[in-house]
Amino acid sequence: DEAFDHEPLFIPAAAQPDDAAYLAALADLATPQSIYAAASATDARSPTGDKVKMPSSHEGCAHHLEDGGSFVVKYEKLSDAALAEPAAAPLVGAWHDVADRFKTAASMHVYVTGSGGKALPPHTDTTDVLVAQLSGSKEWQVC
């Protein structure tokens, strides 16, 4: 932690991966219904990572994922009412904890990608990024 000059990050107990409510909330984020419910804060991506039109139903979201498409939900664009939903509490808590621990504004994006797809083309982030991959496999290059 000396290299980053910050305290170690501790996710609150309510957001630990072994907590069933937390895991259920994370799993719920990947459902076509949840993705469509957050449509105002969501970008749809083609299997190669290009931005495409958002499907017009949760069934359309399911087909998009089956075809290898992706969705990027940007929490900072969600309404206050959506963020106040009980299902969002563990993730909102983790998001606020990151901002508090690192003493900076933070945003949180959730990426849901269909098999064989990628949410974004290869790129380099211009800001610090904290990544938590929750399932599947991906090749990450850190530079």
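Residues numbered from 1 in each chain as written. Predicted model: local features only at pLDDT ≥ 70, side-chain atom pairs only at ≥ 80, totals over all residues. Heavy atoms only, no water.

1. Some details on the overall build of the protein chain
If you tally the helices and strands in the protein chain, you get five helices and four strands. Listing every helix and strand of the protein chain by position from the N terminus yields α-α-β-β-α-β-α-α-β. Here the protein chain holds 143 residues, and the buried ones make up 31% of them. The contacts of the protein chain with a sequence gap of at least 6 include a subset with a gap of at least 24, amounting to 63%. As presented, the protein chain carries roughly 9600 Å² of accessible surface, and 55% of it is formed by carbon and sulfur atoms. (Helix = DSSP H or I, 4+ residues; strand = E, 2+ residues; numbered from the N terminus. Buried < 20%, exposed > 50% of the residue type's maximum accessible area, 1.4 Å probe, protein only. Contact = heavy atoms within 4.5 Å. Areas by Shrake-Rupley, 256 points an atom, 1.4 Å probe, with all protein chains shown as cover.)

2. Brief notes about the environment of G68
Within the element layout of this structure, G68 appears in the loop between α3 (58–66) and β3 (70–74). It is 9.5 Å that separates the C-alpha atoms of G68 and A119, two residues lying 51 residues apart in sequence.

3. Thoughts on the side chain of S46
For S46, the location among the structural elements is in the loop between β1 (42–45) and β2 (51–52). On the basis of relative accessibility, which here comes to 12%, the residue S46 falls in the buried class. In terms of polar contacts, S46 uses its side chain to reach the side chain of T48, at 3.0 Å. Beyond its immediate stretch of four places on either side in the chain, S46 contacts V52, G69 and K118. (Polar contact = N/O pair within 3.5 Å; in protein donor to acceptor, adjacent residues only side chain to side chain.)

Distances and angles like these do not, on their own, reveal function.
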